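Breakdown of the fold
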Amino acid sequence: MAKVDITEKVVSLSKRRGFVFQSSEIYGGLNGCYDYGPLGVELLKNVKEAWWKDMTFRENIEGLDASILMHPRVWEASGHVENFTDPMVDCKECKCRFRADILEEIDCGSKAYKGRKAIKCQQEGKFTEARNFNLMFKSHIGPMEDSTNVVYLRPETAQGIYVNFLNVKESSRQKLPFGIAQIGKAFRNEINTKNFLFRTREFEQMEMQFFIRPEEDAKWFEYWKEQRINWFVKYGIKREKLNIHEHEKLAHYAKSAVDIEYEFPFGFGEIEGIHNRTDFDLKRHTEYSGKRLEYFDDQTKEKFTPYVIETSAGASRSFMAFLINAYDEEEVTKENSDGSKSTEMRTILHLHPALAPIKVAVFPLVNRDGMQDIAHNITEDLRNNFKVFYDDSGAVGRRYRRQDECGTPFCVTVDSETLENSTVTIRERDSMVQERISKDKITEYIHEKLRI
Ligand code: GAP
(Lines give C-alpha, C1' and ligand atoms only; values in the text may rest on other atoms or scores of the structure.)
Protein backbone atom coordinates (compact mmCIF):
# COMPACT_ATOMS: atom_id res chain seq x y z
CA MET A 1 0.00 0.00 0.00
CA ALA A 2 1.44 3.40 -0.94
CA LYS A 3 2.38 5.42 2.15
CA VAL A 4 0.32 8.51 1.30
CA ASP A 5 -2.72 6.32 0.73
CA ILE A 6 -2.70 5.29 4.37
CA THR A 7 -3.39 8.80 5.68
CA GLU A 8 -6.19 9.20 3.14
CA LYS A 9 -7.59 5.80 4.07
CA VAL A 10 -7.42 6.56 7.79
CA VAL A 11 -9.13 9.93 7.24
CA SER A 12 -11.87 8.21 5.27
CA LEU A 13 -12.28 5.38 7.83
CA SER A 14 -12.35 8.00 10.60
CA LYS A 15 -15.33 9.68 9.01
CA ARG A 16 -17.10 6.46 7.96
CA ARG A 17 -16.83 4.79 11.35
CA GLY A 18 -17.17 7.89 13.50
CA PHE A 19 -13.67 8.49 14.80
CA VAL A 20 -13.06 12.04 13.57
CA PHE A 21 -15.15 14.64 11.75
CA GLN A 22 -14.25 18.05 10.43
CA SER A 23 -15.34 20.75 12.88
CA SER A 24 -18.56 22.58 11.86
CA GLU A 25 -18.66 20.42 8.74
CA ILE A 26 -22.15 21.53 7.66
CA TYR A 27 -20.79 25.10 7.41
CA GLY A 28 -17.87 24.02 5.29
CA GLY A 29 -15.56 23.21 8.22
CA LEU A 30 -13.20 25.30 10.34
CA ASN A 31 -9.57 24.96 9.37
CA GLY A 32 -7.35 23.27 11.95
CA CYS A 33 -10.21 22.08 14.17
CA TYR A 34 -11.70 18.59 14.43
CA ASP A 35 -14.51 16.83 16.29
CA TYR A 36 -14.16 13.37 17.79
CA GLY A 37 -17.11 11.10 16.94
CA PRO A 38 -18.55 8.21 19.00
CA LEU A 39 -15.56 5.90 18.44
CA GLY A 40 -12.99 8.69 18.40
CA VAL A 41 -14.01 10.04 21.77
CA GLU A 42 -13.60 6.55 23.25
CA LEU A 43 -10.17 6.06 21.66
CA LEU A 44 -9.00 9.51 22.77
CA LYS A 45 -10.31 8.90 26.30
CA ASN A 46 -8.49 5.55 26.40
CA VAL A 47 -5.21 7.12 25.20
CA LYS A 48 -5.50 9.75 27.93
CA GLU A 49 -6.44 7.17 30.55
CA ALA A 50 -3.48 4.97 29.60
CA TRP A 51 -1.19 7.99 30.02
CA TRP A 52 -2.87 9.12 33.25
CA LYS A 53 -2.51 5.67 34.81
CA ASP A 54 1.09 5.34 33.69
CA MET A 55 1.97 8.74 35.14
CA THR A 56 -0.12 9.20 38.25
CA PHE A 57 -0.40 5.63 39.55
CA ARG A 58 3.01 6.27 41.09
CA GLU A 59 4.10 7.29 44.56
CA ASN A 60 5.63 10.59 43.45
CA ILE A 61 3.37 12.04 40.74
CA GLU A 62 0.27 14.08 41.51
CA GLY A 63 -2.50 15.09 39.11
CA LEU A 64 -3.82 18.58 38.38
CA ASP A 65 -6.48 20.22 36.23
CA ALA A 66 -5.73 23.95 35.98
CA SER A 67 -8.01 26.42 34.22
CA ILE A 68 -7.41 27.25 30.56
CA LEU A 69 -7.64 30.99 31.16
CA MET A 70 -4.89 32.27 33.40
CA HIS A 71 -3.61 35.64 34.62
CA PRO A 72 -2.00 37.43 31.63
CA ARG A 73 1.24 37.94 33.60
CA VAL A 74 1.71 34.14 33.45
CA TRP A 75 2.43 34.43 29.73
CA GLU A 76 4.75 37.38 30.18
CA ALA A 77 6.70 35.44 32.80
CA SER A 78 6.82 32.29 30.69
CA GLY A 79 8.21 34.20 27.72
CA HIS A 80 5.27 33.37 25.45
CA VAL A 81 4.19 36.99 24.90
CA GLU A 82 7.68 37.82 23.70
CA ASN A 83 8.92 34.61 22.13
CA PHE A 84 6.08 32.29 21.15
CA THR A 85 6.21 33.27 17.51
CA ASP A 86 6.64 31.66 14.13
CA PRO A 87 8.11 33.48 11.12
CA MET A 88 5.40 34.27 8.57
CA VAL A 89 5.64 35.23 4.89
CA ASP A 90 2.98 36.33 2.40
CA CYS A 91 2.93 35.33 -1.24
CA LYS A 92 2.56 38.41 -3.42
CA GLU A 93 1.01 36.31 -6.19
CA CYS A 94 -1.57 34.00 -4.54
CA LYS A 95 -1.91 36.09 -1.34
CA CYS A 96 -1.54 32.99 0.86
CA ARG A 97 0.32 33.09 4.18
CA PHE A 98 2.99 30.54 5.03
CA ARG A 99 5.11 29.59 8.00
CA ALA A 100 8.54 30.48 6.69
CA ASP A 101 10.51 27.76 8.50
CA ILE A 102 8.56 24.81 7.05
CA LEU A 103 8.17 25.84 3.41
CA GLU A 104 9.51 22.45 2.19
CA GLU A 105 6.46 20.81 3.80
CA ILE A 106 3.75 23.17 2.57
CA ASP A 107 2.12 23.32 -0.83
CA CYS A 108 1.85 26.58 -2.75
CA GLY A 109 -1.62 28.08 -2.35
CA SER A 110 -2.23 28.84 -6.01
CA LYS A 111 -4.56 26.50 -7.93
CA ALA A 112 -2.43 27.05 -11.03
CA TYR A 113 0.57 25.42 -9.31
CA LYS A 114 -1.20 22.50 -7.60
CA GLY A 115 1.21 20.16 -5.77
CA ARG A 116 4.15 22.55 -5.96
CA LYS A 117 6.05 23.21 -2.69
CA ALA A 118 5.97 26.73 -1.30
CA ILE A 119 9.77 26.75 -1.07
CA LYS A 120 9.87 27.00 -4.88
CA CYS A 121 7.80 30.17 -4.80
CA GLN A 122 10.18 31.60 -2.22
CA GLN A 123 13.15 30.77 -4.43
CA GLU A 124 11.43 32.65 -7.24
CA GLY A 125 11.16 35.75 -5.04
CA LYS A 126 7.37 35.76 -4.70
CA PHE A 127 7.37 36.10 -0.91
CA THR A 128 7.54 39.13 1.38
CA GLU A 129 10.20 39.38 4.10
CA ALA A 130 9.48 37.09 7.07
CA ARG A 131 7.91 38.71 10.14
CA ASN A 132 7.13 37.18 13.51
CA PHE A 133 3.57 36.15 14.31
CA ASN A 134 2.55 35.32 17.91
CA LEU A 135 0.66 32.03 18.05
CA MET A 136 -1.39 32.75 21.16
CA PHE A 137 -5.14 33.30 20.77
CA LYS A 138 -6.08 36.51 22.53
CA SER A 139 -9.41 37.43 24.13
CA HIS A 140 -10.75 39.73 26.84
CA ILE A 141 -12.29 39.14 30.25
CA GLY A 142 -15.55 41.06 30.68
CA PRO A 143 -17.32 43.43 28.30
CA MET A 144 -14.49 45.89 27.59
CA GLU A 145 -11.94 44.99 24.95
CA ASP A 146 -8.91 46.92 26.13
CA SER A 147 -5.34 46.11 27.05
CA THR A 148 -6.09 45.91 30.79
CA ASN A 149 -8.27 42.81 30.51
CA VAL A 150 -6.44 40.69 27.95
CA VAL A 151 -6.47 36.91 28.42
CA TYR A 152 -4.91 34.19 26.32
CA LEU A 153 -6.08 30.68 25.52
CA ARG A 154 -3.20 28.66 26.93
CA PRO A 155 -0.74 27.45 24.26
CA GLU A 156 0.61 24.74 26.63
CA THR A 157 -0.71 23.20 29.85
CA ALA A 158 2.69 23.36 31.56
CA GLN A 159 2.30 26.87 33.00
CA GLY A 160 -0.76 25.80 35.00
CA ILE A 161 1.54 23.32 36.73
CA TYR A 162 4.32 25.80 37.53
CA VAL A 163 1.99 28.36 39.06
CA ASN A 164 0.54 25.59 41.26
CA PHE A 165 3.92 24.23 42.33
CA LEU A 166 3.60 25.47 45.93
CA ASN A 167 -0.09 24.50 46.24
CA VAL A 168 0.54 20.92 45.13
CA LYS A 169 3.79 20.51 47.09
CA GLU A 170 2.19 21.76 50.30
CA SER A 171 -1.15 19.96 50.00
CA SER A 172 0.36 16.62 48.95
CA ARG A 173 3.47 16.88 51.18
CA GLN A 174 5.61 15.55 48.34
CA LYS A 175 9.38 15.68 48.57
CA LEU A 176 11.80 16.02 45.64
CA PRO A 177 11.89 14.38 43.22
CA PHE A 178 8.20 14.57 42.41
CA GLY A 179 6.02 15.36 39.43
CA ILE A 180 2.73 17.01 38.55
CA ALA A 181 0.73 15.66 35.61
CA GLN A 182 -2.02 17.31 33.66
CA ILE A 183 -4.12 16.61 30.58
CA GLY A 184 -5.91 19.45 28.87
CA LYS A 185 -6.69 21.51 25.84
CA ALA A 186 -4.14 23.85 24.34
CA PHE A 187 -4.60 26.36 21.54
CA ARG A 188 -2.19 27.71 18.96
CA ASN A 189 -3.06 30.03 16.12
CA GLU A 190 -0.91 27.98 13.73
CA ILE A 191 -0.13 29.78 10.46
CA ASN A 192 -0.46 26.54 8.49
CA THR A 193 -2.41 23.57 9.80
CA LYS A 194 -1.60 20.28 8.19
CA ASN A 195 -1.87 16.52 7.96
CA PHE A 196 -5.19 15.78 9.61
CA LEU A 197 -4.74 15.91 13.43
CA PHE A 198 -1.00 16.49 13.29
CA ARG A 199 -1.00 20.27 13.40
CA THR A 200 -4.28 21.77 14.52
CA ARG A 201 -5.26 25.01 16.22
CA GLU A 202 -7.05 23.31 19.12
CA PHE A 203 -5.55 20.12 20.54
CA GLU A 204 -4.93 18.28 23.77
CA GLN A 205 -1.69 17.83 25.63
CA MET A 206 -0.62 15.29 28.25
CA GLU A 207 2.16 17.00 30.19
CA MET A 208 4.14 16.12 33.27
CA GLN A 209 6.63 18.38 35.02
CA PHE A 210 9.12 16.49 37.21
CA PHE A 211 10.76 18.66 39.90
CA ILE A 212 14.29 17.62 40.84
CA ARG A 213 17.54 18.72 42.44
CA PRO A 214 19.51 20.65 39.74
CA GLU A 215 22.52 18.33 39.85
CA GLU A 216 20.32 15.32 39.00
CA ASP A 217 19.01 16.73 35.70
CA ALA A 218 20.98 14.46 33.32
CA LYS A 219 19.90 11.31 35.17
CA TRP A 220 16.19 12.19 35.20
CA PHE A 221 16.25 13.39 31.60
CA GLU A 222 17.47 9.95 30.51
CA TYR A 223 15.00 8.22 32.82
CA TRP A 224 11.96 10.02 31.40
CA LYS A 225 13.11 9.62 27.83
CA GLU A 226 13.18 5.87 28.29
CA GLN A 227 9.90 5.75 30.21
CA ARG A 228 8.06 7.64 27.53
CA ILE A 229 9.39 5.58 24.62
CA ASN A 230 8.39 2.44 26.51
CA TRP A 231 4.87 3.78 27.01
CA PHE A 232 4.27 4.13 23.27
CA VAL A 233 5.71 0.67 22.65
CA LYS A 234 3.63 -0.86 25.48
CA TYR A 235 0.47 0.37 23.77
CA GLY A 236 1.38 -1.08 20.40
CA ILE A 237 3.53 1.43 18.52
CA LYS A 238 6.23 -0.49 16.68
CA ARG A 239 9.64 0.48 18.11
CA GLU A 240 11.16 0.75 14.63
CA LYS A 241 8.57 3.43 13.83
CA LEU A 242 9.90 5.66 16.62
CA ASN A 243 12.88 7.95 16.38
CA ILE A 244 14.63 10.10 18.95
CA HIS A 245 15.49 13.49 17.55
CA GLU A 246 17.93 15.64 19.52
CA HIS A 247 17.37 19.37 19.20
CA GLU A 248 20.27 21.47 18.05
CA LYS A 249 18.26 24.70 18.34
CA LEU A 250 16.73 24.92 21.81
CA ALA A 251 13.57 26.71 22.97
CA HIS A 252 14.15 29.77 25.16
CA TYR A 253 13.54 27.73 28.34
CA ALA A 254 15.46 24.52 27.59
CA LYS A 255 18.94 23.22 28.42
CA SER A 256 18.42 19.99 26.48
CA ALA A 257 15.52 18.61 24.49
CA VAL A 258 14.59 15.57 22.44
CA ASP A 259 11.54 14.74 20.39
CA ILE A 260 10.00 11.30 20.24
CA GLU A 261 9.04 11.07 16.58
CA TYR A 262 6.69 8.64 14.89
CA GLU A 263 7.09 7.67 11.26
CA PHE A 264 3.85 8.99 9.78
CA PRO A 265 3.13 8.31 6.09
CA PHE A 266 4.38 11.86 5.36
CA GLY A 267 7.66 11.28 7.28
CA PHE A 268 8.87 11.41 10.88
CA GLY A 269 6.92 13.86 13.05
CA GLU A 270 7.16 14.78 16.73
CA ILE A 271 4.58 13.19 19.01
CA GLU A 272 6.22 14.11 22.31
CA GLY A 273 8.95 16.42 23.57
CA ILE A 274 11.18 15.72 26.58
CA HIS A 275 12.77 18.93 27.86
CA ASN A 276 15.18 19.90 30.57
CA ARG A 277 13.55 23.25 31.42
CA THR A 278 16.06 23.93 34.22
CA ASP A 279 14.76 26.40 36.85
CA PHE A 280 13.70 28.83 34.11
CA ASP A 281 9.93 28.72 34.67
CA LEU A 282 9.90 28.63 38.47
CA LYS A 283 12.43 31.48 38.62
CA ARG A 284 10.50 33.58 36.13
CA HIS A 285 7.23 33.11 38.03
CA THR A 286 9.08 33.97 41.26
CA GLU A 287 10.28 37.17 39.62
CA TYR A 288 6.93 38.13 38.08
CA SER A 289 4.60 37.11 40.95
CA GLY A 290 6.82 37.97 43.91
CA LYS A 291 6.07 34.50 45.41
CA ARG A 292 9.16 32.38 46.00
CA LEU A 293 8.66 29.09 44.12
CA GLU A 294 11.40 27.29 46.00
CA TYR A 295 12.03 24.06 47.83
CA PHE A 296 13.47 23.57 51.31
CA ASP A 297 15.33 20.32 51.82
CA ASP A 298 14.83 19.26 55.49
CA GLN A 299 17.87 17.04 55.44
CA THR A 300 20.49 19.27 53.86
CA LYS A 301 18.81 22.48 55.12
CA GLU A 302 19.22 23.99 51.66
CA LYS A 303 16.71 26.24 49.96
CA PHE A 304 16.79 26.25 46.16
CA THR A 305 14.73 26.46 42.98
CA PRO A 306 14.17 22.95 41.59
CA TYR A 307 14.97 22.03 38.02
CA VAL A 308 12.23 20.59 35.85
CA ILE A 309 12.24 17.70 33.40
CA GLU A 310 9.14 17.97 31.26
CA THR A 311 7.43 15.24 29.27
CA SER A 312 5.01 16.85 26.84
CA ALA A 313 2.91 14.59 24.61
CA GLY A 314 0.12 15.57 22.28
CA ALA A 315 -2.99 13.51 23.03
CA SER A 316 -4.38 14.26 19.58
CA ARG A 317 -1.07 13.54 17.82
CA SER A 318 -0.65 10.31 19.79
CA PHE A 319 -4.25 9.42 18.82
CA MET A 320 -3.31 9.89 15.16
CA ALA A 321 -0.11 7.86 15.57
CA PHE A 322 -2.00 5.01 17.26
CA LEU A 323 -4.65 5.05 14.52
CA ILE A 324 -2.17 5.04 11.64
CA ASN A 325 0.00 2.46 13.37
CA ALA A 326 -3.06 0.19 13.79
CA TYR A 327 -4.40 0.50 10.23
CA ASP A 328 -4.01 -2.55 8.03
CA GLU A 329 -5.61 -4.29 5.09
CA GLU A 330 -5.20 -8.01 4.61
CA GLU A 331 -6.48 -10.83 2.45
CA VAL A 332 -8.45 -13.46 4.36
CA THR A 333 -10.09 -16.71 3.40
CA LYS A 334 -13.81 -16.91 3.93
CA GLU A 335 -16.11 -19.90 3.94
CA ASN A 336 -19.15 -19.54 1.67
CA SER A 337 -22.63 -20.85 2.50
CA ASP A 338 -22.16 -23.82 0.10
CA GLY A 339 -18.98 -24.85 1.95
CA SER A 340 -16.59 -23.55 -0.73
CA LYS A 341 -13.80 -21.09 0.15
CA SER A 342 -12.85 -17.75 -1.37
CA THR A 343 -10.69 -14.79 -0.40
CA GLU A 344 -11.64 -11.25 0.50
CA MET A 345 -9.93 -8.15 1.86
CA ARG A 346 -10.49 -7.02 5.39
CA THR A 347 -9.65 -3.61 6.83
CA ILE A 348 -8.53 -3.88 10.39
CA LEU A 349 -7.36 -1.65 13.22
CA HIS A 350 -4.86 -3.58 15.31
CA LEU A 351 -5.41 -1.26 18.28
CA HIS A 352 -4.14 -2.40 21.65
CA PRO A 353 -7.21 -3.84 23.48
CA ALA A 354 -6.83 -1.23 26.24
CA LEU A 355 -7.11 1.56 23.63
CA ALA A 356 -9.84 0.01 21.47
CA PRO A 357 -13.04 2.09 21.60
CA ILE A 358 -15.31 -0.96 21.86
CA LYS A 359 -13.93 -3.88 23.83
CA VAL A 360 -16.39 -6.55 22.78
CA ALA A 361 -19.21 -7.05 20.29
CA VAL A 362 -22.00 -9.57 20.87
CA PHE A 363 -23.90 -11.32 18.07
CA PRO A 364 -26.71 -13.85 17.97
CA LEU A 365 -25.78 -16.17 15.07
CA VAL A 366 -29.37 -16.14 13.83
CA ASN A 367 -32.37 -14.16 14.97
CA ARG A 368 -34.43 -17.08 16.27
CA ASP A 369 -34.61 -19.81 18.95
CA GLY A 370 -34.12 -17.22 21.67
CA MET A 371 -30.54 -16.43 20.61
CA GLN A 372 -31.24 -12.68 20.56
CA ASP A 373 -32.49 -12.72 24.16
CA ILE A 374 -29.41 -14.57 25.34
CA ALA A 375 -27.15 -12.17 23.38
CA HIS A 376 -29.00 -9.16 24.87
CA ASN A 377 -28.54 -10.55 28.39
CA ILE A 378 -24.83 -11.15 27.78
CA THR A 379 -24.51 -7.58 26.41
CA GLU A 380 -26.17 -6.06 29.47
CA ASP A 381 -23.98 -8.11 31.79
CA LEU A 382 -20.76 -7.13 29.97
CA ARG A 383 -21.81 -3.45 30.03
CA ASN A 384 -21.14 -3.43 33.77
CA ASN A 385 -17.47 -3.49 32.84
CA PHE A 386 -16.90 -2.64 29.20
CA LYS A 387 -18.04 -0.64 26.20
CA VAL A 388 -20.06 -3.28 24.30
CA PHE A 389 -21.70 -3.31 20.88
CA TYR A 390 -24.70 -5.53 20.13
CA ASP A 391 -25.29 -6.43 16.47
CA ASP A 392 -27.85 -8.80 14.96
CA SER A 393 -27.98 -7.48 11.40
CA GLY A 394 -26.52 -9.18 8.33
CA ALA A 395 -24.33 -12.23 7.92
CA VAL A 396 -22.02 -12.89 10.85
CA GLY A 397 -18.95 -12.54 8.58
CA ARG A 398 -20.06 -9.00 7.74
CA ARG A 399 -20.51 -8.21 11.42
CA TYR A 400 -16.95 -9.39 12.12
CA ARG A 401 -15.64 -7.15 9.33
CA ARG A 402 -17.43 -4.10 10.74
CA GLN A 403 -15.87 -4.70 14.15
CA ASP A 404 -12.42 -5.32 12.61
CA GLU A 405 -12.64 -1.85 11.08
CA CYS A 406 -13.50 -0.36 14.47
CA GLY A 407 -10.62 -2.21 16.16
CA THR A 408 -12.89 -4.24 18.46
CA PRO A 409 -10.61 -6.92 19.90
CA PHE A 410 -13.28 -9.53 20.77
CA CYS A 411 -16.54 -10.74 19.24
CA VAL A 412 -18.84 -13.09 21.11
CA THR A 413 -21.33 -15.19 19.15
CA VAL A 414 -24.34 -16.95 20.59
CA ASP A 415 -25.18 -20.05 18.52
CA SER A 416 -27.13 -23.30 18.78
CA GLU A 417 -24.55 -24.80 21.12
CA THR A 418 -25.18 -21.94 23.54
CA LEU A 419 -28.75 -23.20 23.86
CA GLU A 420 -27.46 -26.63 24.86
CA ASN A 421 -24.50 -25.92 27.14
CA SER A 422 -24.33 -22.14 27.80
CA THR A 423 -21.03 -21.71 25.95
CA VAL A 424 -20.30 -19.05 23.32
CA THR A 425 -17.56 -18.54 20.77
CA ILE A 426 -15.17 -15.67 21.40
CA ARG A 427 -13.19 -14.56 18.39
CA GLU A 428 -9.94 -12.62 18.65
CA ARG A 429 -9.63 -9.81 16.09
CA ASP A 430 -6.03 -10.18 14.87
CA SER A 431 -5.68 -13.97 14.70
CA MET A 432 -9.40 -14.54 13.98
CA VAL A 433 -9.05 -17.63 16.20
CA GLN A 434 -12.28 -18.64 17.93
CA GLU A 435 -12.47 -20.30 21.33
CA ARG A 436 -15.47 -21.75 23.10
CA ILE A 437 -15.92 -20.55 26.64
CA SER A 438 -18.71 -20.53 29.18
CA LYS A 439 -20.87 -17.42 28.85
CA ASP A 440 -20.28 -16.77 32.56
CA LYS A 441 -16.53 -16.49 31.96
CA ILE A 442 -16.56 -13.76 29.26
CA THR A 443 -15.94 -10.85 31.66
CA GLU A 444 -13.01 -12.63 33.30
CA TYR A 445 -11.59 -13.60 29.88
CA ILE A 446 -11.64 -10.00 28.62
CA HIS A 447 -10.28 -8.54 31.85
CA GLU A 448 -7.37 -10.95 31.57
CA LYS A 449 -6.63 -9.85 27.98
CA LEU A 450 -6.86 -6.16 28.87
CA ARG A 451 -4.30 -6.49 31.65
CA ILE A 452 -1.11 -4.62 30.68
N1 GAP B 1 5.12 22.41 27.14
C2 GAP B 1 6.00 22.14 26.07
C3 GAP B 1 5.35 22.11 24.77
O4 GAP B 1 4.20 22.52 24.65
P5 GAP B 1 5.71 21.47 22.27
O6 GAP B 1 6.80 20.66 21.65
O7 GAP B 1 5.42 22.81 21.70
O8 GAP B 1 6.11 21.59 23.81
C9 GAP B 1 4.30 19.38 22.90
O10 GAP B 1 4.37 20.62 22.27
C11 GAP B 1 3.45 18.42 22.12
O12 GAP B 1 2.17 18.99 21.88
C13 GAP B 1 3.99 18.07 20.75
O14 GAP B 1 4.93 17.00 20.81
C15 GAP B 1 2.75 17.65 20.00
O16 GAP B 1 2.46 16.29 20.26
C17 GAP B 1 1.68 18.52 20.62
N18 GAP B 1 1.39 19.68 19.75
C19 GAP B 1 2.04 20.86 19.70
N20 GAP B 1 1.49 21.67 18.79
C21 GAP B 1 0.46 20.99 18.25
C22 GAP B 1 -0.52 21.30 17.24
N23 GAP B 1 -0.57 22.50 16.63
N24 GAP B 1 -1.45 20.36 16.93
C25 GAP B 1 -1.45 19.14 17.55
N26 GAP B 1 -0.56 18.82 18.51
C27 GAP B 1 0.38 19.71 18.85
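For clarity, every value in this text was computed on a predicted model and none was experimentally measured. (Residues numbered from 1 in each chain as written. Predicted model: local features only at pLDDT ≥ 70, side-chain atom pairs only at ≥ 80, totals over all residues. Heavy atoms only, no water.)

Moving on to the nonpolar core. By size, the foremost hydrophobic cluster in this structure holds 55 residues, and its most contacted members are Phe19, Trp224 and Trp231. Ignoring any residue separated from it by four or fewer positions in sequence, one finds Trp224 in contact with Met55, Arg58, Ile61, Met208, Phe210, Ile274, Ile309 and Thr311. Counting 20 residues, the second-largest nonpolar core is a separate cluster that includes Val360, Ile374, Leu382 and Tyr390. (Core = buried A, V, L, I, M, F, W, Y, C linked by side-chain atoms within 4.5 Å. Buried < 20%, exposed > 50% of the residue type's maximum accessible area, 1.4 Å probe, protein only. Contact = heavy atoms within 4.5 Å.)

Of all the 6 residues making up strand 22 (residues 423–428), 5 are buried; the element is thus mostly covered by neighbouring parts of the structure. Across 5 bridges, the pairing between strand 22 and strand 23 (residues 434–438) is antiparallel. Its bridge partner being in strand 23, Thr423 is matched across the sheet by Ser438. What sits between strand 22 and strand 23 in their antiparallel hairpin is a turn of 5 residues, with Met432 showing a positive phi close to 65°. (Helix = DSSP H or I, 4+ residues; strand = E, 2+ residues; numbered from the N terminus. Pairing = 2+ DSSP bridges.)

Attention now goes to the side chain of Ser14. Structurally, Ser14 can be placed in helix 1 (residues 3–17). Residue Ser14 is classed as buried on the basis of its relative accessible area, which comes to 0%. The residues contacting Ser14, other than those within four sequence positions of it, are Phe19, Val20, Phe21, Phe196 and Leu323.

This part covers the domain arrangement of the chain. Each assigned domain of the chain is listed with its residue range as follows: domain 1 (37–70 + 152–323) and domain 2 (358–450). Between the C-alpha centres of domain 1 and domain 2 the distance comes to 39 Å. (Domains from an automatic or database assignment.)

With that settled, the discussion passes to the environment of Ser172. Counting through the fold element by element, Ser172 comes out in helix 7 (residues 165–172). Residue class for Ser172 comes out partly exposed when judged on its relative accessible area of 26%. The spatial distance from the C-alpha of Ser172 to the C-alpha of Glu62 is 7.9 Å, given a sequence separation of 110 residues.

What follows is about the environment of Cys411. You can see Cys411 is positioned in strand 21 (residues 410–414). It is 15 Å that separates the C-alpha atoms of Cys411 and Leu351, two residues lying 60 residues apart in sequence. Not counting the four nearest positions on each side in its chain, Cys411 is found in contact with Ala361, Phe363, Tyr400, Gln403, Thr425, Ile426 and Arg427.

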